Amino acid sequence: MANNRTARKRAGKSSQKKALYVALVAVVLVVVAVCAVIYGIHKIRDGVTESGAQGASAQEGNAASADSDDGQAIDLTIAGEPITAGEFRYALAETKSAVVASCGSGEQSIGADFWRANTAMCAPEASTQPRSEAERMQAQLTSSYSPTSKTLCAAATHPLEFALCKAVRLLEQQHAVYQQAVAAGHMHSASWNDVMQNASSENAENERARSKGEAVYGLDRYEVPVYLSKYLSQLKDQYINDDAAPGMAVSDDQVKQHYAENTWDFGSEISAIPSESERWEIIAANVKEDLRSTIYYDLVSARVRNMDIVMNRANLVDFVKSALSS
């Protein structure tokens, strides 16, 4: 009996050991399986990340490639200044909506085929009545044509030619402003590269100020169209406030004559000032600024009308087609 009991105890202990061993093996297998799954997930993620990075890198490369010719001159020279591909693309982008409005009224959609086909008929833009003196002076500039752009735009009846017309018109106006600024010593040259360097410098200065917690007036960063709008306005303000700029040395008699020839409304506050000399001091300052603005737009408009433009029309139409249909 004692031997049987001992044998049963040994058998029981042996069974427990086997069960424990089997359990340990199972645990090990589960751990290995879990590790394999985790490793596999990480590999998949790494593969996706690497693929995504390669894709992003490829896209960046393609974008860089698309813009790699921005600094290259195209078949267009305005007042002796070669126009670059980047500047011309900017002008096309700025005037595209006006082209679509004039040429796309009968189209179902405006896509790449619209530009490739180039069959739509473009209607002349309706003129608008200026609502203020500032708009009148601006309209004087925008209604001025160089001999080349006048001929070009008169023959522009289809989208590509109309887009070329609008882009050249915009650039000749802007370059007239640049030239006037150069004449006053406010710009080194009328080149696109100089304008873009000014934009980069201002954006870099804003970034430096923001990183140091300093106040940044205006936008933190200016995209090209917004910067150019601000820059052109600044050039005009700088010019009319510079006594030494060509045409800005106006006399008191000129100010009085300009005041007498125009209608003014300075408000009740100015009229309420009892002293006539004090009233005139305030009025004269405003009249002088308006007179200088009038002279400034006369000078810039005259530059547009006398602008020398050299172009290869056929090559530029191909450039427009490639830019707008891509």
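### A closer look at the overall build of the protein chain
Point 1. Regarding its fold elements, the protein chain presents twelve helices and three strands.
Point 2. Across the 326 residues that make up the protein chain, the buried fraction comes to 33%.
Point 3. The contacts of the protein chain with a sequence gap of at least 6 include a subset with a gap of at least 24, amounting to 71%.

### What to know about the pattern of salt bridges
Point 1. Tallied over the entire structure, the rule returns nine salt bridges.
Point 2. For Arg116, the salt bridge is made with Asp113, and the minimal N-O distance between the two is 3.2 Å. Here Arg116 pairs with Asp113, and both are found in helix α3 (residues 112-117), just three residues apart, close to one helical turn.
Point 3. Take Arg116: its relative accessible area is 44%, and that puts it in the partly exposed class.

### Thoughts on the sheet that holds strand β2 (residues 81-84)
Point 1. Here three strands make up an open sheet; going across it, the order is β2-β1-β3 and the pairing antiparallel. The open sheet has two edge strands with one neighbour each: β2 and β3 (309-311). Going from strand to strand, the sheet's axes swing by 35° on average, the running direction of each strand aside.

### Re the side chain of Thr84
Point 1. Its place among the elements puts Thr84 in strand β2.
Point 2. At 3.2 Å, the side chain of Thr84 and the backbone nitrogen of Glu87 are in polar contact.
Point 3. If we skip the residues at most four places from it in the chain, Thr84 touches Asp70, Gly71, Gln72, Ala73, Ile74 and Trp192.

### Remarks on the packing of helix α6 (residues 159-183) against helix α12 (residues 313-325)
Point 1. Their axes nearest at 9 Å, the elements α6 and α12 cross at an angle of 100°. Taken together, the axes of α6 and α12 are roughly perpendicular relative to one another. Residues Leu160, Glu161, Ala163 and Leu164 of α6 lie in contact with α12, whose contacting residues are Arg313, Leu316, Val317, Val320, Lys321 and Leu324.

### Quick notes on the packing of aromatic side chains
Point 1. A full pass over the atoms with the stated rule returns ten aromatic pairs.
Point 2. Plain terms: the ring middles of Tyr296 and Tyr297 are 5.5 Å apart, the flat faces sit at 75° to each other, and that makes the pair edge-to-face. Take Tyr296 and Tyr297: they sit in the same class, and that class is buried.
Point 3. Ring pairs connect the aromatic residues Tyr259, Trp264, Phe266 and Trp280, which therefore count as one cluster.

Reading the values: rules and limits
Residues numbered from 1 in each chain as written. Predicted model: local features only at pLDDT ≥ 70, side-chain atom pairs only at ≥ 80, totals over all residues. Heavy atoms only, no water. Helix = DSSP H or I, 4+ residues; strand = E, 2+ residues; numbered from the N terminus. Buried < 20%, exposed > 50% of the residue type's maximum accessible area, 1.4 Å probe, protein only. Contact = heavy atoms within 4.5 Å. Salt bridge = Lys/Arg side-chain N within 4 Å of Asp/Glu carboxyl O. Pairing = 2+ DSSP bridges. Axes fitted to C-alpha atoms, helices over the stretch in contact; angles between N-to-C directions. Polar contact = N/O pair within 3.5 Å; in protein donor to acceptor, adjacent residues only side chain to side chain. Parallel < 35°, antiparallel > 145°, perpendicular 65-115°, else oblique. Phe/Tyr/Trp six-rings, centres within 6.5 Å; stacked < 30°, edge-to-face > 60°.

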